[in-house]
Amino acid sequence: MSVEEDPRDPRDTGRGEGEFPYQLVIGDNEYEGVTRNLSMGGVLIDLPEAVEAGLIDQSGFMTVVINSLPYDGACTVVRVASTGVGIRFDEIEGTALEEAIFDFINDELEYL
């Protein structure tokens, strides 16, 4: 079974295309940009290739700005590929970040 077919794949959760400003802090390094997509599990971002290689499995802290409000959460880099860098949110259940993502995804689904 491929990763795309695995029902346990966290990337199978609903996601919405969206460019939201973010700041990612891993150790002493800070990265800023805009997201490519956003889901309950995490975000997909682009980083310079030279940076990407050393980030897999690194933990950090991310701030994502949704509807002009900053939302913070612990995160881990879980995927580095030519299509982008996958960031998983760690323990966001019951947080304002979870609620903001849920609202964003539901609003996106209403337009389908």
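Remember, it's a predicted structure, so these values are computed and weren't measured experimentally.

Asker: Tell me about the environment of Ile56, and name the residues and values.
Answerer: Within the fold, Ile56 resides in the loop between α1 (49-52) and β6 (59-66). In sequence terms Ile56 and Gly86 are 30 residues apart; their C-alpha atoms lie 9.1 Å from each other. Look past the residues within four positions of Ile56 in its chain and what remains in contact with it is Val77, Val78, Arg79 and Val80.

Asker: Account for the pairing of strand β2 (residues 21-26), naming residues and giving values.
Answerer: With burial as the criterion, only one face of β2 is covered, namely that bearing Tyr22, Leu24 and Ile26; the residues Pro21, Gln23 and Val25 on the opposite face remain uncovered. Bridging between β2 and strand β3 (residues 29-34) involves six bridges; their strand directions are antiparallel. Residue pairing for β3: Leu24 is matched across the bridge by Tyr31. As judged from the four bridges shared by β2 and β6, these two strands associate in the antiparallel manner. Looking at the pairing, Tyr22 lines up with Val64 of β6.

Asker: Residue-level account of the environment of Arg36, with values.
Answerer: Positionally, Arg36 belongs in the loop between β3 and β4 (37-39). The partly exposed category is assigned to Arg36, whose relative accessible area is 32%. Sequence-wise, Arg36 and Gly16 are 20 residues apart; in three dimensions their C-alpha atoms are separated by 8.9 Å. Sequence-distant contacts of Arg36, that is, excluding residues within four places in its chain, are made with Glu17, Gly18, Leu44, Asp46, Thr83 and Gly84. In terms of polar contacts, Arg36 uses its side chain to reach the side chain of Asp46, at 3.1 Å.

Asker: Give me the lowdown on the side chain of Ser39, citing residues and values where you can.
Answerer: Structurally, Ser39 can be placed in strand β4. Within the local environment of Ser39, its side chain forms a polar contact with the backbone nitrogen of Gly41, the two atoms lying 3.1 Å apart.

Asker: Break down the pattern of salt bridges for me, with residues and values.
Answerer: Applying the stated criterion across every chain, the model contains two salt bridges. Residues Arg88 and Asp90 are paired through a salt bridge, measuring 3.1 Å at the closest nitrogen-oxygen approach. For Arg88, a relative accessible area of 37% corresponds to the partly exposed category.

Rules of the game
Residues numbered from 1 in each chain as written. Predicted model: local features only at pLDDT ≥ 70, side-chain atom pairs only at ≥ 80, totals over all residues. Heavy atoms only, no water. Helix = DSSP H or I, 4+ residues; strand = E, 2+ residues; numbered from the N terminus. Contact = heavy atoms within 4.5 Å. Buried < 20%, exposed > 50% of the residue type's maximum accessible area, 1.4 Å probe, protein only. Pairing = 2+ DSSP bridges. Polar contact = N/O pair within 3.5 Å; in protein donor to acceptor, adjacent residues only side chain to side chain. Salt bridge = Lys/Arg side-chain N within 4 Å of Asp/Glu carboxyl O.

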